[in-house]
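Read off the chains here:
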Amino acid sequence: MPGQGPDSRTGNPGLQDLVEALPKLGSVLWLERRERRHATDEVKIGARGVLLLDHPALRTLASCRDVAACSTVTPHGPREWLCLRDGRGETRAKVYLLPDTDYLAWDELTARIAPAKCPPQVPAWHAHGAFLRSAFARFGASWNARLLAFERKRLPWMDTLDARPPLRLSLLGLDLAHAIARSEGAELVTPLYSV
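1. A look at the packing of aromatic side chains
Then, number 1: The full count for this structure, using the stated rule, is 2 aromatic pairs.
Then, number 2: Ring geometry for Trp-30 against Phe-150: centres 5.9 Å apart, planes inclined by 75°, an arrangement best described as edge-to-face. Here the residue Trp-30 occupies a position in strand E2 (residues 27–33), and Phe-150 occupies one in strand E8 (residues 143–154), the gap between them amounting to 120 residues.
Then, number 3: Seen in terms of ring centroids, Trp-81 and Tyr-96 are 5.7 Å apart; in terms of plane orientation they differ by 25°. Their pairing is stacked. Placement of the pair is Trp-81 in strand E6 (residues 77–85) and Tyr-96 in strand E7 (residues 91–96), with a sequence separation of 15 residues. Exposure class is identical for Trp-81 and Tyr-96. Each is buried.

See the structure below:
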């Protein structure tokens, strides 16, 4: 609700459940932490077999242990996203709902995530805080943002999850992606839409 602050749901649908759900979403905005050292874990062995994470940005998924679904109302309208957190509870990646995302698939995914708290997505602006966030972003603590559509392939011995830039994206979706990237202090690195 607008006057009550952020609304959140959290749970642990598991990596395999995310791998099944992400391709159904269509176009989303993917944010991952910009790391000085890159995650090298591209193969994950689980109860349902082997999973290969093809796209370098998706390697963050291998270290995630928890998912939180968050929503808030911003000056630009409602905003929903998933926080993918590691074992220490630190957010490693975020998946944002865009106007081009399949809303039914999004609702199906978020319905499986139980309630919990997320930090507010848009902090109040203060000059000294903005200066410090900008300074810390230069030291590698910021985010990369990409417009992605996920693709899952099932092979007899393993599953693969890949991502690519979406073939089509509305102007409204592109504008929202730019607004989210700016508010997160993220660099939009998707080649086709970085204008």
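2. Considering the environment of Leu-31
Then, number 1: As for its position among the elements, Leu-31 is in strand E2.
Then, number 2: On the basis of relative accessibility, which here comes to 0%, the residue Leu-31 falls in the buried class.
Then, number 3: C-alpha separation for the pair Leu-31 and Ala-93, spaced 62 residues apart in sequence, amounts to 5.4 Å.
Then, number 4: Discounting residues that sit within four places of it in the chain, Leu-31 has contacts with Arg-92, Ala-93, Lys-94, Tyr-96, Trp-143, Asn-144, Ala-145, Glu-184 and Ala-186.

3. Some details on the pattern of salt bridges
Then, number 1: Taken as a whole and judged by the stated rule, the model has 9 salt bridges.
Then, number 2: Between Glu-108 and Lys-24 there is a salt bridge; the shortest N-O distance is 3.9 Å. Of this pair, Glu-108 sits in helix H2 (residues 103–111) while Lys-24 sits in helix H1 (residues 15–25), placing them 84 residues apart in sequence.
Then, number 3: A relative accessible area of 45% places Glu-108 in the partly exposed class.
Then, number 4: Of the charged contacts in the structure, one is a salt bridge between Lys-94 and Glu-184, with a shortest N-O distance of 3.0 Å. Here Lys-94, found in strand E7, pairs with Glu-184, found in helix H4 (residues 171–184); they are 90 residues apart in sequence, far enough to count as distant. Side by side, Lys-94 and Glu-184 carry an identical accessibility label, which is buried.
Then, number 5: A cluster of three or more residues bridged by salt bridges with shared partners is formed by Asp-86, Arg-88, Glu-90 and Arg-92.

What counts and how
- Residues numbered from 1 in each chain as written.
- Predicted model: local features only at pLDDT ≥ 70, side-chain atom pairs only at ≥ 80, totals over all residues.
- Heavy atoms only, no water.
- Phe/Tyr/Trp six-rings, centres within 6.5 Å; stacked < 30°, edge-to-face > 60°.
- Helix = DSSP H or I, 4+ residues; strand = E, 2+ residues; numbered from the N terminus.
- Buried < 20%, exposed > 50% of the residue type's maximum accessible area, 1.4 Å probe, protein only.
- Contact = heavy atoms within 4.5 Å.
- Salt bridge = Lys/Arg side-chain N within 4 Å of Asp/Glu carboxyl O.

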